[in-house]
Each structure stands twice: as structure tokens, then as C-alpha cells.
Amino acid sequence: LYLVNGERAAFGTSADVIARYTRDAVSRGSFDRGGVRLELRVMRQDGEPLLAWESGQTIRIVARVTTVVPVLSPAVDLAFYSPAGVKICGIESNRLFATAGTPVASFQFQFFVLNPGLALVETTLDVGIRSNENPNYIALFQNAEAIPIAPPQVPHARSDGVITLPVTVKYGEESASG
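Predicted model, so just to flag it, every value in this text is computed and none were measured.

The rules behind each value
- Residues numbered from 1 in each chain as written.
- Predicted model: local features only at pLDDT ≥ 70, side-chain atom pairs only at ≥ 80, totals over all residues.
- Heavy atoms only, no water.
- Pairing = 2+ DSSP bridges.
- Helix = DSSP H or I, 4+ residues; strand = E, 2+ residues; numbered from the N terminus.
- Axes fitted to C-alpha atoms, helices over the stretch in contact; angles between N-to-C directions.
- Buried < 20%, exposed > 50% of the residue type's maximum accessible area, 1.4 Å probe, protein only.

Novice: Looking at this structure, how should I read the sheet that holds strand β5 (residues 58-72)?
Specialist: The pairing of strands in a sheet happens through backbone hydrogen bonds and is either parallel or antiparallel. Ordered by their spatial adjacency, four strands build an open sheet running β3-β4-β5-β8, and the pairing between neighbours is antiparallel. The sheet is open, and its two borders are formed by β3 (29-33) and β8 (103-114), each paired with just one other strand. The mean angle between the axes of side-by-side strands here comes to 15°, regardless of whether they run parallel or antiparallel. Both β5 and β8 contribute to a ladder of eleven bridges, which runs antiparallel. The residue of β8 that forms the bridge with R64 is Q108.

Here's what the structure looks like:
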């Protein structure tokens, strides 16, 4: 049995409870920077703990933000990086969803992100907080989360790139006729 704030968070086999506890300990990050507090959680789409991000799986990333000074039309940006520090992709919330034009001091964004076949051991996540009107960050949290990635289940695929694409190969020999 594993309790969080007095409520049952996990119940079952020892392996299940330990996996949930370990994932919670790793994935529940709280960060403070310059009057901005970020609570970041990464989980499976259904809210259950994420042990490894599998190819074809959608994860949920929850960013809860509290600021000392209210932010006009808040935006949250995400950036995913390879273990070598190469940027894989970036997401700007204001390009997907427009917030109201009123200042707020507490807000939450949920992102649902699909793994298209990442061929990495893990990806690290940067989180930037800004106003929709301004490209400059109020706060930037670099390496806020490390997300383990399960190897893609693609037969005979090489993982020397950033992404593994599912491929079908057809082979046929043609006879030489004279």
C-alpha cells in the first residue's frame, strides 16, 4: 500500500507499489524561479504512472504555474532534447490554444504528446513560462524532467537516429529474358 496525502495512491503487488512510488518520486517536480512556481507532472494519458514512453503512446504533461505577478495571456512552452542535447521538437501552447486576455497568477496547461517512434534512451524536457504577447520567458526551467523511452518495437530497426520509422520492405527478383 502506498499513500499520498493520506489517500491510497497504489495498491497491489510489491512491484506495482514500488513502481508507482519510484515514478512519483521522479516525476513530481516542483521548481521556483524568480517569483514563478512550476509543478510539473508527466504521466500516461490516463493519469497512471509512466514507467517508459513507448512508441505510439500518448503521454500527458501537466504544468501548474503560480506567479507572484499576474501574467497577461499566459503561455507554456515545452522543448524536448536528446541525451546529446539535440533539440527534438518544441511546443508553444499559444499556437495550439489562445488564453483569455486577462492577467492571471495561477494557471494550468495539459499537453498530450504522442511518441512517433523516438529511438532514444530518454528525452529531457525544458519548460518555459511567458506571456502570449511576449517571446521572452518570465521563467525557464531547463532539464525539468527526464522521460525514459522504451525501445521502439520495429523489427530489424537500427536506433542510430533520433526517430525510428516503421517500414515494410518487399523484395522480388526479376528474371533476365533474352
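Novice: Is there a simple way to explain unusual backbone geometry in this structure?
Specialist: When glycine is set aside, most residues are seen to have a negative phi, and most peptide bonds are trans. Notably, S73 is not glycine yet its phi reads approximately 45°, a positive angle. Within the fold, S73 resides in the loop between β5 and β6 (74-81). On the basis of relative accessibility, which here comes to 3%, the residue S73 falls in the buried class. Even without being glycine, N143 reaches a positive phi, approximately 50°. For N143, a relative accessible area of 54% puts it in the exposed group.

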